[in-house]
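Residue strings, one per chain:
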Amino acid sequence: MKVFTASGIEGSTPCFRRFLSAVRSYGADVGVLLGDLTGRKVVSAIRTGPSTWTVPLDGKVHEVDSPTALAELTGHISDHGDYWLEQTPEEYEHLRSNQSLVELYFKSLVRQRIEEWLTLADEKLGADGPPVFVAPGCGDWRIIDELFEHGGRLLPCDDRVVQIDGYQMVTSSSSGPTEWELVREMDDRRLYTKLLELCSGVGDPDFAILNLQAESRATQRIVKRFQPLVRFRGSAQGGNGGASKQGRTLELSPRSPMVEDAAPTLHGVLVQLEGGAVKDYVFTEA
Amino acid sequence: MKGISLSSVIQVINLEKQSCDIEARAGGQCGQLHFREGTLVDALADGLAGEDAAYEILGWDDPEFDVSTEHSPRDRTIEADLTQMLLEIARRRDEELEESARSAAAQDSVAPHAAPPAPPLVESASGNGRGGAQAEPDIMAEMEAALAEVRVEPEIEAAPEPHGAPGRAPAPPTRGAPPAAAVRSGLSAAGLKRVVQLAKDGLGDALLSADLFSSADGTSYVGVNSRPAVCALVNQVTERLNRAFDKGGLPPLGRYYMAELDGSGLLLVAPCGDLQLVLVVDTGRVQLGLLINVVLPEVLAALEEVSPG
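So, a few notes on the structure that sits alongside this text. (Residues numbered from 1 in each chain as written. Chains lettered and ligands numbered in written order. Predicted model: local features only at pLDDT ≥ 70, side-chain atom pairs only at ≥ 80, totals over all residues. Heavy atoms only, no water.)

## Things to note about helix H4 (residues 99-125) of chain A
Then, number 1: Helix length check: H4(A) (27 residues) gives 38 Å between terminal C-alpha atoms against 39 Å at 1.5 Å per residue, within 8%.
Then, number 2: Immediately downstream of H4(A), the backbone of A:Gly126 shows phi near 65°, a positive value. (Helix = DSSP H or I, 4+ residues; strand = E, 2+ residues; numbered from the N terminus. Expected span 1.5 Å × (residues − 1).)

And the structure:
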């Protein structure tokens, strides 16, 4: 069985498209997309005239003087996973003083993009394509979770054990404590208990795949205790990723792109499992 | 506020059990939606109230709206579940779309019959005292000149007009015309566009130009930054490669061939039945792995689907 796993696409639709294409092109029997799935910021395009906009972005102020130029800039923003909102100067000022409204719009844009992806997945994967599982990351808002529960081509796998062609795959988006106070983080003791409960559903560890993106004492203990065949984990932003052994477990971590990378890039790993062993693996970049 | 949909905002309000009022506007109409702890409790729209007003507003196409978190007290007039209401709206929209698609399909039906092939653009090099090897540099020089012009932002274009009437020497193409040649050849215009669209989606800015053309006469059916001259020249190159392979006892061309261009360009040609796809790609903007392993298989599959025979 060939499993193609990618992670950390952070709102980038081009990366999502590549993921869908890669699952088929690499001949994977199953695709697994792990978080973070959503982008990091909303950019304001402030309309200053009939065909002029001011766009504050990454510490610079872009003066845009045509709808074409605006489409180009907002396209660039979207491609890199972020979101944009066109506003009047009054709306912009109103939002600056209303953080709860900003958060409402941010979350709405996040959901909007995931909904677009669900449609895209249904179109591109078709009815006969391989199963594709998806789980958010520890930095993704919980408002996206239920979107994957409606029976589309993207199948939810977070906080559950799923059966794939004789293997069991365990996934959790939870993380231990971090310096960023992420949405899904919890103290190590609680995380360990949660993962222990989750992994108790696993039969033979030689036929188990563990998707635990975040690294913490709890996840290390779980890997050491259960010794699944393979674990997919994330790497810190800008990290090179790689493969390592934790006892009998092969830990695979695709490279993580820098936010400021010029072009959005999909980093993944294609693993071939056979008879309860890892026959081969290759890290991919597209 | 533009770039955000009303339904997305409403769903977040519902999921996060927020209390707020929304004022929406579309096509000269305006309405209000009132939420209390995520529940839609009241709505008003142009003389309508309650559930009827809510359905009216939720059915508007791309309305503008403002959200106010300073909500006023309201009596509950709507008992229906918001999710069910949104599903009902989506169902109605799907029905409308299906109806539109059926109407479009009825208009898009194509009568299949092949256009007579045009004569070759240049005489065969054999038997005229000029060897093939001597003829090639002229073609390559023309090709390089044509490719050098390709450096503008790609836009999917309708197919250019065919190169003159069948059986005559090619005339300069007209850009932006309907895919008349494709229609005459019994090809699916939507299928042809999909091939090029897939290349554009997959390669983004790295795609400098793309053309899907007829091997019979080099006519480009559909393209991005369409380069009719490149089509005509590549058509000859493909034909000559096939002849050379045949004479040299090699198998015929496979699914595609590539040529590295000076700088960071790559020419990729995929012959498929009576069609050929030519892509000019900036390899500085895309990894070859993505092109070869991800984009190309998808594009070739679509090309095989659309190519007759």
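## Some words on the pattern of salt bridges
Then, number 1: Summed over all chains, the structure comprises 33 salt bridges over all chains.
Then, number 2: Across the pair A:Glu86 and A:Arg47 runs a salt bridge whose closest N-O atoms are separated by 2.9 Å. Here the residue A:Glu86 occupies a position in strand S6 (residues 83-87), and A:Arg47 occupies one in strand S3 (residues 42-49), the gap between them amounting to 39 residues.
Then, number 3: Given a relative accessible area of 30%, A:Arg47 falls into the partly exposed group.
Then, number 4: The salt bridge partner of B:Arg102 is B:Glu99, with a shortest N-O separation of 2.9 Å. A residue pair is termed a helical-turn pair when its members lie 3 or 4 positions apart in one helix, as B:Arg102 and B:Glu99 do in helix H3 (residues 82-107) at 3 residues.
Then, number 5: Among the charged side chains, a salt-bridge network with shared partners connects A:Glu215, A:Arg231, A:Arg233 and A:Glu251. (Salt bridge = Lys/Arg side-chain N within 4 Å of Asp/Glu carboxyl O. Buried < 20%, exposed > 50% of the residue type's maximum accessible area, 1.4 Å probe, protein only.)

## Regarding the pairing of strand S2 (residues 30-34) of chain A
Residues and elements named next belong to chain A.
Then, number 1: Most of S2 sits inside the fold, with 5 of its 5 residues counted as buried.
Then, number 2: A two-sided burial pattern is seen for S2, the buried positions comprising Val-30, Val-32 and Leu-34 on one face and Gly-31 and Leu-33 on the other.
Then, number 3: In this sheet, S2 lies alongside strand S1 (residues 2-7) in parallel orientation, the contact comprising 5 bridges. Note on S2: the bridge partner recorded for Phe-4 is Gly-31.
Then, number 4: Read as a crossover between parallel neighbours, the route from S1 over helix H1 (residues 13-25) to S2 is right-handed.
Then, number 5: Strand direction decides the pairing type here: S2 and strand S7 (residues 132-135), joined by 4 bridges, are parallel. In the strand pairing of S7, Leu-34 is matched with Ala-135. (Pairing = 2+ DSSP bridges. Right-handed = clockwise from strand over helix to strand, strands pointing away.)

## Side note on the environment of B:Asp75
All names here are of chain B.
Then, number 1: Tracing the chain through its elements places Asp-75 in the loop between strand S5 (64-68) and H3.
Then, number 2: Given a relative accessible area of 66%, Asp-75 falls into the exposed group.
Then, number 3: Along the primary structure Asp-75 and His-34 are separated by 41 residues, whereas in three dimensions their C-alpha atoms are 9.8 Å apart.
Then, number 4: In contact with Asp-75, other than residues within four places in its own chain, are Val-41 and Asp-42. (Contact = heavy atoms within 4.5 Å.)

## Observations concerning the nonpolar core
Then, number 1: Membership of the largest hydrophobic core comes to 98 residues, with the highest contact counts inside it found for A:Phe4, A:Tyr105, B:Ile22, B:Leu33 and B:Leu303.
Then, number 2: Ranked by the residues each element gives to this core, the list is headed by H4(A), at 12 residues.
Then, number 3: Among the nonpolar cores identified, the runner-up in size contains 21 residues, and A:Val3, A:Val32, A:Val162 and A:Val271 belong to it. (Core = buried A, V, L, I, M, F, W, Y, C linked by side-chain atoms within 4.5 Å.)

## A few points about the sheet that holds strand S9 (residues 160-164) of chain A
Adjacent strands of a sheet pair through backbone hydrogen bonds, lying either parallel or antiparallel.
Residue and element names in this part refer to chain A.
Then, number 1: Taken together, the 6 strands give an open sheet; going across it, the order is S9-S10-S11-S12-S14-S13, and neighbouring strands pair in mixed fashion. The sheet is open, and its two edges are formed by S9 and strand S13 (242-246), each paired on a single side. Going from strand to strand, the sheet's axes swing by 20° on average, the running direction of each strand aside.
Then, number 2: As judged from the 3 bridges shared by strand S11 (residues 208-212) and strand S12 (residues 230-232), these two strands associate in the parallel manner. Counterpart to Ile-209 in the pairing with S12 is Val-230. (Axes fitted to C-alpha atoms, helices over the stretch in contact; angles between N-to-C directions.)

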